[in-house]
Amino acid sequence: MFICKNCKTVDKFELMFSPDYKGEKHFEQRINDKNEIEIIVDGYKFIPDLQFMNEHAVCRYCGQIYMWDYDTGYNK
Ligand SMILES: [Zn+2]
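The text that follows walks through the structure, step by step, so that each part is easy to find. (Residues numbered from 1 in each chain as written. Predicted model: local features only at pLDDT ≥ 70, side-chain atom pairs only at ≥ 80, totals over all residues. Heavy atoms only, no water.)

## Comments concerning the overall build of the protein chain
Logical step 1: A tally of regular secondary structure across the protein chain gives 1 helix and 8 strands.
Logical step 2: Starting at the N terminus and walking to the C terminus, you meet the elements of the protein chain as β-β-β-β-β-β-α-β-β.
Logical step 3: Burial status across the protein chain gives 34% buried among its 76 residues.
Logical step 4: Excluding contacts between residues fewer than 6 apart, the proportion of contacts in the protein chain whose partners are at least 24 apart in sequence is 44%. (Helix = DSSP H or I, 4+ residues; strand = E, 2+ residues; numbered from the N terminus. Buried < 20%, exposed > 50% of the residue type's maximum accessible area, 1.4 Å probe, protein only. Contact = heavy atoms within 4.5 Å.)

## Let's talk about the environment of Lys5
Logical step 1: When you line up the elements, Lys5 lands in the loop between strand E1 (2–4) and strand E2 (10–11).
Logical step 2: A relative accessible area of 43% places Lys5 in the partly exposed class.
Logical step 3: Along the backbone, Lys5 and Cys59 are 54 residues apart, and their C-alpha atoms lie at a distance of 9.7 Å.
Logical step 4: Ignoring any residue separated from it by four or fewer positions in sequence, one finds Lys5 in contact with Met67, Trp68 and Asp69.

## So, the coordination of the zinc ion
Logical step 1: Protein coordination of the zinc ion is provided by Cys4 (SG), Cys7 (SG), Cys59 (SG) and Cys62 (SG), with donor distances spanning 2.3 Å.
Logical step 2: Between the 4 donor atoms coordinating the zinc ion, the angles at the centre fall across 108 to 113°, so the site counts as tetrahedral.
Logical step 3: Sequence spacing among the residues donating to the zinc ion works out to C-x2-C-x51-C-x2-C. Of this pair, Cys7 sits in the loop between E1 and E2 while Cys62 is found in the loop between strand E7 (57–58) and strand E8 (68–70), placing the two residues 55 residues apart along the sequence.
Logical step 4: Judged by relative accessible area, which is 30%, Cys7 ranks as partly exposed.
Logical step 5: Owing to a relative accessible area of 31%, Cys62 belongs among the partly exposed residues under this scheme. (Donors = N, O, S within 2.8 Å, 3.2 Å for Na, K, Ca; no water. Tetrahedral: all angles 85-135°; square planar, octahedral: opposite > 155°, others 65-115°.)

Here's what the structure looks like:
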């Protein structure tokens with residue numbers, strides 16, 4: 001999945017939201033028929049990628065924002 005460049009925590013999309021995100025933060029995760037992870041947040045569906053993480057996801061362990069990289073120990 002993704003790894004925090006600051007604390008090296010691997011996040012599996014149990015992500016936090018940017019502090020200025022104003023939605024309800026209703027979060028669902030599922031595998032679609034192409035075997036891709038789909039995330040649905042407040043009715044908005046997308047396939048998460050590094051760009052998304054670095055625009056929206058805050059590390060819940062160290063609090064760093066926008067510090068994600070691909071976790072190379074994991075099959076992408
Ligand atoms: Zn972190």
